[in-house]
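Each chain is listed here by its residues.
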Amino acid sequence: ELCDWFFSLLQHEMLPGIFATVLVAQVALALTGVIALSTFGLAVPRVAGRGGSLAGHLILVILRSFPEYMLAYLFLQIFGPSMLPAVLALALHNAAIIAHLLGREAGAMCAGLRRDAPKGLALWSYELTPRLFGNFVALCLYRWEIILRETAVMGLLGVTTLGFYVDNAVAELRLDRALALLCVAGILTAAVDLLSRGLRRRI
């Protein structure tokens, strides 16, 4: 009977939940990296100009200040129930955090550049991005575990990640299933955290 319970949970909730959680987290992480790497220059005066950097800094601060759940709920109203709202919310929030940190580092680097050094897109492409790429990868790896954890919780908004199945189990008072799924979410998050730490040490 216990084996039947476990295999039923594995087949109908655990495996689909893990797959959806990992898929959404990986897509969100990839989009986070693309957005962060392409926008951190918006916070650097020598790249975007004084006015442009102020506007870029303000945008990044606003995006990183909005909780992922608020952004996901907003996108849910626009795009309807799917994985897209969760991916966009996670990517924009985490990309803004990473881009803001990289922008501060880039600004400190620019303070030591000579006056006739390139500006704008050339500075971003050939000077800042190569020098900050290692830090960029480390920050993405650091946020990876956080993105995965938040992806699981996004199930409360209807995305079919582990949180979705936990919410359904609680609503049906099947607390044994809810507890088992919470343990799986914790183990998955811990595994990604250990992998992320190992990769960051190698970098």
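Everything in this summary refers to the structure shown in the same document. In this text, all values refer to a predicted model and were calculated from it rather than measured experimentally.

Details of unusual backbone geometry
1) Next: The backbone of Leu173 shows a phi angle near 60°, a positive value even though the residue is not glycine.
2) Next: The exposed category is assigned to Leu173, whose relative accessible area is 69%.

Focus on the packing of helix α3 (residues 68-79) against helix α4 (residues 84-111)
1) Next: Interhelical geometry of α3 versus α4 gives an angle of 140° and a closest axis separation of 8 Å. Classed by the angle they form, the pair α3 and α4 counts as oblique. You can see that α3 and α4 cross each other, and the crossing is right-handed. Residue-level contacts link Glu68, Leu71, Ala72, Phe75, Leu76 and Phe79 of α3 to Leu84, Pro85, Leu88, Ala89, Leu90, Leu92, His93 and Asn94 of α4.
2) Next: Per-class residue counts for the contact of α3 with α4 are 11 nonpolar, 2 polar and 1 charged.

Structural notes on the side chain of Thr21
1) Next: Relative to the assigned elements, Thr21 resides in helix α1 (residues 2-39).
2) Next: Thr21 sits in the buried class, given a relative accessible area of 1%.
3) Next: Excluding its chain neighbours within four sequence positions, the residues that come into contact with Thr21 are Leu148, Thr151, Ala152, Thr161, Leu162 and Leu188.

Some points on a nonpolar patch on the surface
1) Next: Among the surface-exposed residues, Leu58, Ile62, Phe66 and Met70 lie close enough to one another that they form a single nonpolar patch of about 370 Å² accessible area.
2) Next: Along the chain, Leu58 turns up in helix α2 (residues 45-65).

Conventions we followed
Residues numbered from 1 in each chain as written. Predicted model: local features only at pLDDT ≥ 70, side-chain atom pairs only at ≥ 80, totals over all residues. Heavy atoms only, no water. Buried < 20%, exposed > 50% of the residue type's maximum accessible area, 1.4 Å probe, protein only. Axes fitted to C-alpha atoms, helices over the stretch in contact; angles between N-to-C directions. Helix = DSSP H or I, 4+ residues; strand = E, 2+ residues; numbered from the N terminus. Parallel < 35°, antiparallel > 145°, perpendicular 65-115°, else oblique. Left-handed = near helix turned anticlockwise from the far one by under 90°. Contact = heavy atoms within 4.5 Å. Nonpolar A, V, L, I, M, F, W, Y, C, P; charged D, E, K, R; others polar. Patch = residues over 30% accessible without salt bridge, like charges linked within 9 Å, V, L, I, M, F, W, Y side chains within 5 Å. Areas by Shrake-Rupley, 256 points an atom, 1.4 Å probe, with all protein chains shown as cover. Salt bridge = Lys/Arg side-chain N within 4 Å of Asp/Glu carboxyl O.

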